[in-house]
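Reading the structure
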Amino acid sequence: MKVGIAYHEKYRQYDMGPGHPFRGDRFVNAMRLFQEQGLFRLPNVTMLKPKPVTKQELLKVHEKNYVDLILRLAKESKPYDMETPVSPKILEAARLIIGGAIKAGKAVCEGRIERAVALGCGYHHAGRNYGGGFCLFNDIAVLVEQLREKRGLERVLIIDYDVHFGNGTSDIYYSDSSVLYISLHQDPRTIYPGTGFARQIGEGEGEGYNINVPLPPGTDDQIYLHALKEILVPLAEEFNPDLIVANGGSDPHFADMLGSLRLTVNGFFNLSRTIANVAENVCQNKLVLMLGSGYNPTVLPQCWFALTAGAVGYETINVEDQYTPPDESDLVGMTVEATLAGLKRILRKHWKCFRR
Ligand SMILES: [Zn+2]
């Protein structure tokens, strides 16, 4: 099985400045570990070098006024909001990162590779006419729209495993039944952006195609993977997508500064393997894994490697956590079971798999 990895040295310019959790050295540190692990020496792994996304491609998702605003802010090096600075260098990196996603998706859809890992991607807080949460443009949607237009994809499944709810992606596809958006994230009452509740299931044509699985702080590997399998596996089989796009980085890790979930490095490996297996079963392995988040620089490279290794097809990995994860509480498991039961009840009307 061939796997492509999209990356460009200039990604490191997506650096939001000293003291900001989103730093450019994340890319360099992750690539160093990938190299040490011999990832690039594997015969089935190829590198994909991106070209910057064009304004025309951005306009397939974003409103013109918004794109023009970001271009102007970049020129003037003015922030979009308090936590989302913009500069010529950040814009250049953003355009290359989105270009990397497109390159990865096209290579998969043309059959040159089966799976792709698009590093640095997953700006899921950006909507059609807004940004925020370190995100300027929604690379996930830009990728999906390119592939729908140029490769005639009919159905795309997006699985968002970032610790935060992908409000931007969700908004963009909220009334679209050809894109099934599934997000597992920390309970929105306890984290940015404050939305992503189980009852938000889409509207109009898209009702039933937006699926939120809020998880309480303290959710560990076992409970997380259980929730993922309960929701993703049956829905993917019934939806029968042409492609799976997965996005998220290391921010669900137990030592991440911004989130309170409790995944370990090994949990990320199993998470990625689970998604890759689903892709194998439902869409001939066609998978684009977009990974970009993570705010603890010590654990980020190991988590990104574990995620990548799962998509590449490793059976085991020899990287592990340097810290001991905290103990779990029984309450977390019970809360998640109740959430899953409630969610299946809400979705029963739309999905046969939840009627059994
Ligand atoms: Zn996040």
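First things first, this report covers the structure right here in the doc.

Quick notes on the rules
- Residues numbered from 1 in each chain as written.
- Predicted model: local features only at pLDDT ≥ 70, side-chain atom pairs only at ≥ 80, totals over all residues.
- Heavy atoms only, no water.
- Buried < 20%, exposed > 50% of the residue type's maximum accessible area, 1.4 Å probe, protein only.
- Helix = DSSP H or I, 4+ residues; strand = E, 2+ residues; numbered from the N terminus.
- Right-handed = clockwise from strand over helix to strand, strands pointing away.
- Pairing = 2+ DSSP bridges.
- Salt bridge = Lys/Arg side-chain N within 4 Å of Asp/Glu carboxyl O.
- Donors = N, O, S within 2.8 Å, 3.2 Å for Na, K, Ca; no water.
- Tetrahedral: all angles 85-135°; square planar, octahedral: opposite > 155°, others 65-115°.

Brief notes about the pairing of strand S5 (residues 179–186)
Summarising burial for S5: eight of the eight residues are buried, a large majority. Once the chain exits strand S4 (residues 156–160) it traverses helix H6 (residues 167–172) before rejoining the sheet at S5, and the crossover so formed is right-handed. Relative to strand S6 (residues 210–215), S5 is paired through six bridges, and the arrangement is parallel. Looking across to S6, one finds that Ile 182 is bridged to Ile 211.

Some thoughts on the pattern of salt bridges
A complete count under the given rule lists 16 salt bridges for this structure. Put simply, Lys 55, Lys 64 and Asp 68 are held in one network by salt bridges that share partners.

Some details on the coordination of the zinc ion
The protein atoms that coordinate the zinc ion are Asp 162 (OD), Asp 162 (OD), His 164 (ND1) and Asp 251 (OD), at distances spanning 1.9 to 2.7 Å. Coordination at the zinc ion is irregular: its four donor atoms span angles of 52 to 150° at the metal. Along the chain, the residues donating to the zinc ion are arranged with the sequence spacing D-x1-H-x86-D. Take His 164: its relative accessible area is 7%, and that puts it in the buried class.

A few points about the pairing of strand S8 (residues 287–291)
Judged by how many residues are buried, S8 sits mostly within the fold: five of five residues are covered. Where burial is concerned, the two faces of S8 agree: the one with Leu 287, Leu 289 and Leu 291 and the one with Val 288 and Met 290 are both buried. Relative to S8, strand S3 (residues 115–119) runs parallel, the two being bridged by five bridges. When the sheet's bridge partners are listed, Ala 118 is paired in S8 with Met 290. Remark: the strand S7 (residues 243–247)/helix H8 (residues 265–282)/S8 crossover connection has right-handed handedness.

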